[in-house]
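In case you want the letters, here they are:
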Amino acid sequence: MKKSKALSFSVIITIILFHANGSFAQRPNVTIDNSKLGKDSAVSRVIPAIGKVIGILRDSSTKEVIEFASVALLRFRDSSAVTGNLTDGKGHFTIEEVPVGKYILRISSIGYRKMDSKPFLLIPSEPLKDFGTVYVPSSTKKLKELEISADKVDYLNSIDKKVYNADKDLTSVGGTASDLLKNVPSVNVDVDGKVSLRGNDNVTILIDGKPSGLGGGDKTTLLQQLPASTIDQIEVITNPSARYDAEGMAGIINIKTKKDKRSGVNGTITLGVGTNDKYNTGFTLNNRTKKTNLFAQYTFRDDSKTQSGESHRYNSYTLPKSIYSSYTSGKQYNESHNAKLGADFFLNDYNTLTTSGGYTNRFENKPETVLYTFDTLLGLLAPNVIRENSSIEKSHGGEGNLEYRHLFPGTKREFSSSINYSVNDRNEDEEYVSKVADAVTIKHRSITGGKYIVGNFQSDYIHPVNDKAKLEAGLKVAFRRNDNDIIGAKTDSLNTYVPDPIYTDHFIYEDQIYAGYAQYSGRVNKFDYIVGLRAEQTVIVGKSETSSEDFKKNYLDLFPSATVKYTLKEVNELQLSYSRRVNRPGQQQLNPFTDYSDSLNVRSGNPQLNPEYISSYELGYFRRFIEQSIGATVYYRKTNNLITRYRTLDTLVGITTTTFKNFSSSSNSGIEIIMRNQLAKTLSATTSFNLFQNKIDGSNVEAELQSNNTNWNLRTSINWKVKRTTSFQITGNYMSPNKSPQGSFKGMSGVDVGFRQELLKGKLTFSANVTDIFNTRKFQIHNEGNGFVLDQIRKRESRIANFILVYRFGKADASLFGKKRSTKTEFPQQDYNNGDF
């Protein structure tokens, strides 16, 4: 194992060094060779780079902005590339420091026609070219001669978020959202599927900008049942503006699912198989016309994963000292169905109505065997105990969404409103059978019924003040309800199950959040800014039907935010941001019920918990080169009332209890660096590095509960486009050891590889990947407390090979672009792009 771990780490370091070799290569000044200019030129001279090109890109059919499109500036005389940029999240593009001369602007983006502008001049007396709003039509079957040549970028940095394109990740093909997030910079996923952002697991997960109840309130379950094949982009928002909910200490991860924008009937069929009985299949279907866009998707997954673990607790309070150990082995079987159906109705040029619905059905079986041993330094203390655990869980859920968008004629004002509702029903049957010397000593059984409901209503209004500034405002009402009912039983002397109140609990959790926000954004010279304020009224009600211990919390909070970006040059950006956020305790943390499923390590919640309040500051720098880019962010996060796990040992009975406490505070400071380098025409690399220091002050609970530790994470990905239809990828990551007031984590690393081959002129794609090829990903923790030391190791099956086939079908309808709309509409067709195209 040590050899594999060393090999895994060496691979990561090797590809990092290979990447760094070209990371800081800069483009030289634009120079004219006088030998090619003629007799009048005696010496070489530098062309003055004073030109600037700006504009906005919109879809000619839907009028939506086109994000992350490639905008290149070509020399008129030979069509060679001079410089370029990408559109931001609002469709804007800016190209600065352009030498004077004659150029052509080329626009290209996946799913759209490639467009070249008419030639134009940039001269000292007229150095600015403003294209205004450019309307770009979708690509079609009959227009395939205008085939897009540019690849979609894998990463884009904008003023309020970082965006990662899922299609660029070959190693997660055939996997889930959890597998995809493992390769996103700033994000870590542990062996249990828990997601953290910059080392903190208090992160909000959104699906298409909205919370989803299909996972039953469990973020891990939600991500593990969402197929990676349905995901278009991952948005990472570490310092959200007032437009976003204030929930989430570390920030927000928004997962945007795919929706085909091409016209006509299009779709995909997917078949996949993985090692050790892993299967997945699915399809997508889309039919887009001038008035409607109908879309549907379905996925099925059937897989199994082995899991193992061991723990050793050294008890110093006993004489002689004792060792309590457990050894676990088991398997997890999963079967899930996910379906989505929806429609966009383009009522006219100014009104769009969207409705969609989703359904999920999930089955999980987790058989497990645990061996318990009790020893002293003098020999065996007690007989070994074997416990056989079984857990069968069934859940199903549905959600519905309704969205309306209105564009005001003759202006850029916009109003949108949405309502969504989701519900998840969950039933779990667990049985624990304990044996000593092959004789059954006791049986426990618990049946859990849970119902999780989420609802949201939101309205937003955008009012441009002028061409460079706008005011946004909105209202939102959100509610959640989690009804969790556990019925416990144990066997009596006749081996018959009878009710057991120790294992019985019925807890109902509800919260309502009433929010409103306003924010102002704009541009002054080279400064872009967003300033906002959000108010949230929170009402939380907890009711224990078992213990009659009820509680209610009601409080109002204000959450200011501000972001300023200064463009030093088009290729240099400096950004400063601040936000205040909150992390409210959830149902599991508040429920006073004591869980005895592991009788020597019990768990309980704490209804007296208060919310955490976070002040977050970031200073970022972004630099673009012709073939490289680098972004560096220095951040600081101060948290008051830190919610954390707290473990105690009862020396009279030898039982540890884990609960939750509000520690006084914590502070987290660090630096994050993301580099992208085009090493060669067909070879690129992306590396992210996060170094942070975490200080925790728990002196309000125990005087010695304080920690100060430094951690770092490293991730790199090499992409090799062997030829136009063949791609290869290798990705490595490393998580350093870290500490908490009561323990430490020993670090983890892994390497994944992926391959993609396009066949049948792009209609068929074959992909293959292997995750954790050195089998090094495992979770190791060390805990210390009064009278005990605890070491734990957990391992889930992580070395998995997947093989996937994707077939694309469809025929776009070119006639949709044949008819010109009236020029009276606010959004003219491409033919009316100011005569520039």
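Residues numbered from 1 in each chain as written. Predicted model: local features only at pLDDT ≥ 70, side-chain atom pairs only at ≥ 80, totals over all residues. Heavy atoms only, no water.

### Quick look at the nonpolar core
Leu-181, Val-187, Val-195, Ile-231, Ile-234, Ile-253 and Ile-255 are the most contacted members of the largest nonpolar core, which totals 24 residues. Sorting the residues of this core by element identifies helix H2 (177-181), strand S13 (187-189), strand S14 (195-197), strand S15 (203-207), helix H3 (219-224), strand S16 (231-237) and strand S17 (251-257) as the ones contributing at least two each. Not counting the four nearest positions on each side in its chain, Val-195 is found in contact with Leu-181, Val-187, Asn-188, Val-189, Asn-200, Asp-201, Val-203, Leu-223 and Ile-253. In this structure, Leu-57, Leu-73, Ile-107 and Tyr-112 belong to the second largest nonpolar core, which totals 21 residues. (Core = buried A, V, L, I, M, F, W, Y, C linked by side-chain atoms within 4.5 Å. Buried < 20%, exposed > 50% of the residue type's maximum accessible area, 1.4 Å probe, protein only. Helix = DSSP H or I, 4+ residues; strand = E, 2+ residues; numbered from the N terminus. Contact = heavy atoms within 4.5 Å.)

### As for unusual backbone geometry
One non-glycine residue, Asp-277, lies in the positive phi region at around 60°. By relative accessible area, Asp-277 is classed as partly exposed at 46%.

### Thoughts on the environment of Leu-156
Summarising the element assignment, Leu-156 is placed in strand S11 (residues 155-157). In this structure Leu-156 comes out as buried when scored by relative accessible area, which is 7%. Each C-alpha atom, one on Leu-156 and one on Glu-67, is 9.8 Å from the other, the two residues being 89 residues apart in sequence. The residues touching Leu-156, leaving out its near neighbours within four places in the chain, are Phe-68, Leu-86, Thr-87, Lys-161, Lys-162 and Val-163.

### Some words on the pairing of strand S36 (residues 628-650)
Relative to S36, strand S35 (residues 612-624) runs antiparallel, the two being bridged by 12 bridges. Each bridged residue has a counterpart across the sheet, and for Arg-624 the counterpart in S36 is Ser-629. Here 22 bridges tie S36 to strand S37 (residues 655-680), and the two strands are oriented antiparallel to one another. Looking across to S37, one finds that Leu-649 is bridged to Thr-656. Here S36 hands over to S37 after 4 residues, with Gly-654 in that stretch at a positive phi of 75°. (Pairing = 2+ DSSP bridges.)

### Focus on the packing of aromatic side chains
The tally for this structure, following the rule as stated, stands at 14 aromatic pairs. Aromatic side chains Tyr-103 and Phe-120 sit 6.4 Å apart centroid to centroid with 45° between the ring planes, which places their arrangement in the tilted category. In this pair, Tyr-103 sits in strand S7 (residues 101-108) while Phe-120 sits in strand S9 (residues 120-122), placing the two residues 17 residues apart along the sequence. Ring centres of Tyr-324 and Phe-374 lie 5.3 Å apart, and the angle between their planes is 20°; this geometry places the pair in the stacked category. Residue Tyr-324 is found in strand S21 (residues 322-346), and its partner Phe-374 is found in strand S23 (residues 368-376); the two are separated by 50 residues along the sequence. A residue is classified by how much of its surface remains accessible, and Tyr-324, at 4% relative accessible area, is buried. Ring pairs connect the aromatic residues Tyr-103, Phe-120 and Phe-131, which therefore count as one cluster. Positioned above the aromatic ring of Phe-76, the side-chain terminus of Lys-102 is 4.2 Å from the ring centre. The ring of Tyr-635 has Arg-198 lying over it, and the distance from NZ or CZ to the ring centre is 4.3 Å. (Phe/Tyr/Trp six-rings, centres within 6.5 Å; stacked < 30°, edge-to-face > 60°. Lys NZ or Arg CZ within 6 Å of the ring centre and 35° of its normal.)

### Focus: the confidence of the model for the chain
In the predicted model, the chain carries a mean pLDDT of 84, and the fraction of residues at 70 or more is 87%. For residues 9-46, every residue scores under 50 in pLDDT, and the model assigns this stretch 60 contacts once sequence neighbours within four places are set aside. (pLDDT = per-residue confidence, 0-100.)

### Examining the sheet that holds strand S6 (residues 92-99)
With mixed pairing, the 3 strands of this open sheet are ordered in space as S6-S3-S10. If you trace the sheet from one side to the other, it starts and ends with S6 and strand S10 (128-136), each paired once. Direction aside, neighbouring strands of the sheet carry axes that sit 20° apart on average. Where strand S3 (residues 49-59) lies against S10, 7 bridges are found, and the strand directions are parallel. Looking across to S10, one finds that Leu-57 is bridged to Val-134. (Axes fitted to C-alpha atoms, helices over the stretch in contact; angles between N-to-C directions.)

### Some remarks on the pattern of salt bridges
Tallied over the entire structure, the rule returns 37 salt bridges. The partner of Lys-470 in a salt bridge is Glu-472, with the nearest N and O atoms 4.0 Å apart. Ionic pairing is found between Arg-777 and Asp-752, a salt bridge with its closest N-O pair at 3.0 Å. Of this pair, Arg-777 sits in the loop between strand S44 (764-771) and strand S45 (779-785) while Asp-752 is found in strand S43 (residues 748-759), placing the two residues 25 residues apart along the sequence. Judged by relative accessible area, Asp-752 falls into the buried class, the value being 4%. Residues joined in a network through salt bridges with shared partners are Asp-245, Glu-247, Lys-476, Arg-534, Glu-536 and Arg-584. (Salt bridge = Lys/Arg side-chain N within 4 Å of Asp/Glu carboxyl O.)

### A closer look at the pairing of strand S12 (residues 162-165)
Side chains Lys-162 and Tyr-164 of S12 all project onto a buried face; the interleaved residues Val-163 and Asn-165 project onto the opposite face, where all are buried too. Here S12 pairs with S16 via 4 bridges, running antiparallel. Paired with Val-163 across the bridge in S16 is Glu-235.

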